[in-house]
Amino acid sequence: MFAALSERNYRFYVFGALLSNVGTWMQRVAQDWFVLELTGSGAAVGVTTALQFLPILFLSPYAGLLADRFDKRKLLYISQSWMAVCAAVLGVLAITGHAGVGHVYLLALLFGVGSALDVPARQSFVSEVAGPDHLANAIGLNSASFHTARLIGPAVAGLVIHQWGSGWAILTNAFTYAAFLAGLMLMDASRLIRSPRAARGGGLKQLAEGVRYVRQRSDILLVLVVVFFVGTFGMNFQMTNALMAQQEFGKGAQEYGILGTAMAIGSLTGALIGANRRSAPRLRFVVGAAITFGVLELISGLMPSYLTFGLSLPLVGLAAVVTMTSANACVQMSVDPRLRGRVMAIYMMVVMGGTPLGAPVLGWVGDVLSPPWTLIIGGGVTALGAAVAALVLLRRKRLVMSPTLLPRPHLNIHRRDLDDIGR
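(A) Fine view of the pattern of salt bridges. Enumeration over the complete set of coordinates arrives at 3 salt bridges. Taking the shortest distance from any N to any O, the salt bridge between aspartate 118 and arginine 122 comes out at 2.6 Å. Here the residue aspartate 118 and the residue arginine 122 both occupy positions in helix H4 (residues 101-130), the gap between them amounting to 4 residues, near one helical turn. Residue arginine 122 is classed as partly exposed on the basis of its relative accessible area of 25%. Residues aspartate 219 and arginine 217 are paired through a salt bridge, measuring 2.7 Å at the closest nitrogen-oxygen approach.

Next up, the structure:
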């Protein structure tokens, strides 16, 4: 389960990321709560979330090309410092009482620009610090680190917001970026397993090469369609939990933080399950996990009380993380190393870039209908979308495979795709 920690560089990477992610989760909780305090509107929370993820939708392909062309560690220095400054500015404005909803919108957008640069570089950098032999384990441990932070961050944020206010929780995030930056500085550059770099020049042609590669890989294409539904309609938990806590059950910031911690218990369990993986998961597993997640989210929206809703969240968190870690491993472990940055940028653009589409819609649903409908509709669309996408895409591709490997004929794939996954 912890084999990748034998690599010195990976240890610095994962523990620095753990502390940084605690701060990130604190800011996510505090930012949404702060917007609710300013406006009382679920739609405003949805707009904030959308603005933060909008740059990923438009900038990720170019950021992925940068990750393939340049030193990924240097790119991470830039992106992490950029996000630290954005968090510091918003935190100070909130503490001093000068922050309005317009300031939150602007800084969320600027934060998203840094995140768009950061995500493909950080995703593809894992293979350089962990190496090919430990890549599957490293992906699982990354998820475990992320969701350990998710376990700690919301609970700490709830306490900080209750005692000192949202601004201090946001400002704390600015300081936690120092942990990741310190980890990058302490790495031994000579022990990094460098990926082949893309040649400079011909940027549009190289971007097109990444898109063409994905279109030719039916297994990756299917994963992308499935995670689009999961990311767009299913994984809006900061918004939906805030609406459920405040507007449905009449609770405060501490209780909101507890909901995040409850979900993170299941998320961490799912991440540790993923850390035991030593090979790429089957497509059938990815699709099945997405459908299961959507159904569990729908059920959580039907819970009648704060207690029963909180008790349902660990299962939702587990299913969400199992879905995303299996999808991530399926792509990372089968992609051509030359194109890893561009392919992972497309992957993250689909996963996170769909949020600007789904979050405002679900926020509007929460205002017009009621907060539980954000989960009922979001979960239902996720499950139905994943199932229909798998059936339609695979049948149109006329995919064929031996039933001894995947016994369901509607989830077959080309033999050449199996060879790609094997490599």
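And the narrative resumes.
(B) Here's a closer look at helix H2 (residues 42-69). Between its first and last C-alpha, H2 extends 41 Å over 28 residues, near the 40 Å set by a 1.5 Å rise per residue. Maximal helix bending in H2 amounts to about 65°, located at leucine 59; proline proline 61 follows within four positions. A side-chain oxygen of the first residue of H2 lies 3.2 Å from the backbone nitrogen of alanine 43; this N-cap is serine 41.

(C) Summary view of empty space enclosed by the protein. Inspection of every chain in the model, using the stated rule, returns 4 cavities of 30 Å³ or more. Volume-wise, the largest cavity comes out at about 1200 Å³. Lining the largest cavity are 49 residues, and of these Trp25, Arg28, Phe146, Met348 and Met352 lie nearest its centre. Examining the composition of the lining of the largest cavity, we find that 10 residues originate from one element, helix H1 (residues 8-39), more than from any other. Residues of the lining of the largest cavity, tallied by class, amount to 22 nonpolar, 22 polar and 5 charged.

(D) Layout of the environment of isoleucine 95. The residue isoleucine 95 is located in helix H3 (residues 72-96) in this model. Its relative accessible area of 31% is what places isoleucine 95 among the partly exposed residues. Once you skip the residues sitting within four places of it in the chain, isoleucine 95 turns out to touch Gly167, Trp168 and Leu171.

(E) Region of interest: a nonpolar patch on the surface. Taken together, the side chains of Phe58, Leu59, Trp82, Leu106, Leu110 and Val113 define a hydrophobic patch exposed on the protein surface, amounting to about 530 Å² of accessible area. If you list the elements that add at least two residues to the nonpolar patch, you get H2 and H4. Per-element tally for the nonpolar patch: the top contributor is H4, with 3 residues. Within the secondary structure layout, valine 113 lies in helix H4. Among the residues examined, valine 113 registers a relative accessible area of 32% and is labelled partly exposed.

(F) Local environment of the environment of leucine 315. Within the secondary structure, leucine 315 sits in helix H12 (residues 306-332). Since its relative accessible area comes to 52%, leucine 315 is described here as exposed. In sequence terms leucine 315 and methionine 263 are 52 residues apart; their C-alpha atoms lie 7.5 Å from each other.

(G) Quick peek at the nonpolar core. Leu222, Val223, Val227 and Tyr347 are the most contacted members of the largest nonpolar core, which totals 79 residues. The greatest single-element share of this core, amounting to 10 residues, is contributed by H12. Ranked by size, the runner-up nonpolar core spans 24 residues in total, among them Val14, Ala121, Val129 and Leu135.

(H) Spatial organisation of the packing of aromatic side chains. Applying the stated criterion across every chain, the model contains 9 aromatic pairs. When the ring of tryptophan 33 is compared with that of tyrosine 256, the centres are 5.4 Å apart and the planes differ by 20°; the resulting orientation is stacked. With tryptophan 33 in helix H1 and tyrosine 256 in helix H10 (residues 253-275), this residue pair connects regions lying 223 residues apart in the sequence. Each of the two residues, tryptophan 33 as well as tyrosine 256, counts as buried. With centroids separated by 6.0 Å and ring planes inclined at 40°, the aromatic side chains of phenylalanine 249 and phenylalanine 309 adopt a geometry described as tilted. Of the two residues, phenylalanine 249 sits in the loop between helix H9 (237-248) and H10 while phenylalanine 309 sits in helix H12, which places them 60 residues apart along the sequence. For phenylalanine 249, a relative accessible area of 16% corresponds to the buried category. Counting every residue linked through ring pairs, the aromatic cluster contains Tyr10, Tyr13, Phe125 and Phe180. Between the NZ or CZ atom of arginine 28 and the centre of the ring of tryptophan 25, over which it lies, the distance is 4.8 Å.

Parameters at a glance
Residues numbered from 1 in each chain as written. Predicted model: local features only at pLDDT ≥ 70, side-chain atom pairs only at ≥ 80, totals over all residues. Heavy atoms only, no water. Salt bridge = Lys/Arg side-chain N within 4 Å of Asp/Glu carboxyl O. Helix = DSSP H or I, 4+ residues; strand = E, 2+ residues; numbered from the N terminus. Buried < 20%, exposed > 50% of the residue type's maximum accessible area, 1.4 Å probe, protein only. Expected span 1.5 Å × (residues − 1). Bend = angle between axes of the 7 residues up to and from the residue. Polar contact = N/O pair within 3.5 Å; in protein donor to acceptor, adjacent residues only side chain to side chain. 1 Å grid on protein atoms, 1.4 Å probe; cavity = no way out; pocket = protein on both sides within 12 Å on 5 of 7 lines; lining within 4 Å. Points joined across faces, edges and corners; volume = space filled by probe spheres on them. Nonpolar A, V, L, I, M, F, W, Y, C, P; charged D, E, K, R; others polar. Contact = heavy atoms within 4.5 Å. Patch = residues over 30% accessible without salt bridge, like charges linked within 9 Å, V, L, I, M, F, W, Y side chains within 5 Å. Areas by Shrake-Rupley, 256 points an atom, 1.4 Å probe, with all protein chains shown as cover. Core = buried A, V, L, I, M, F, W, Y, C linked by side-chain atoms within 4.5 Å. Phe/Tyr/Trp six-rings, centres within 6.5 Å; stacked < 30°, edge-to-face > 60°. Lys NZ or Arg CZ within 6 Å of the ring centre and 35° of its normal.

All we've got here are geometric facts, nothing functional implied.
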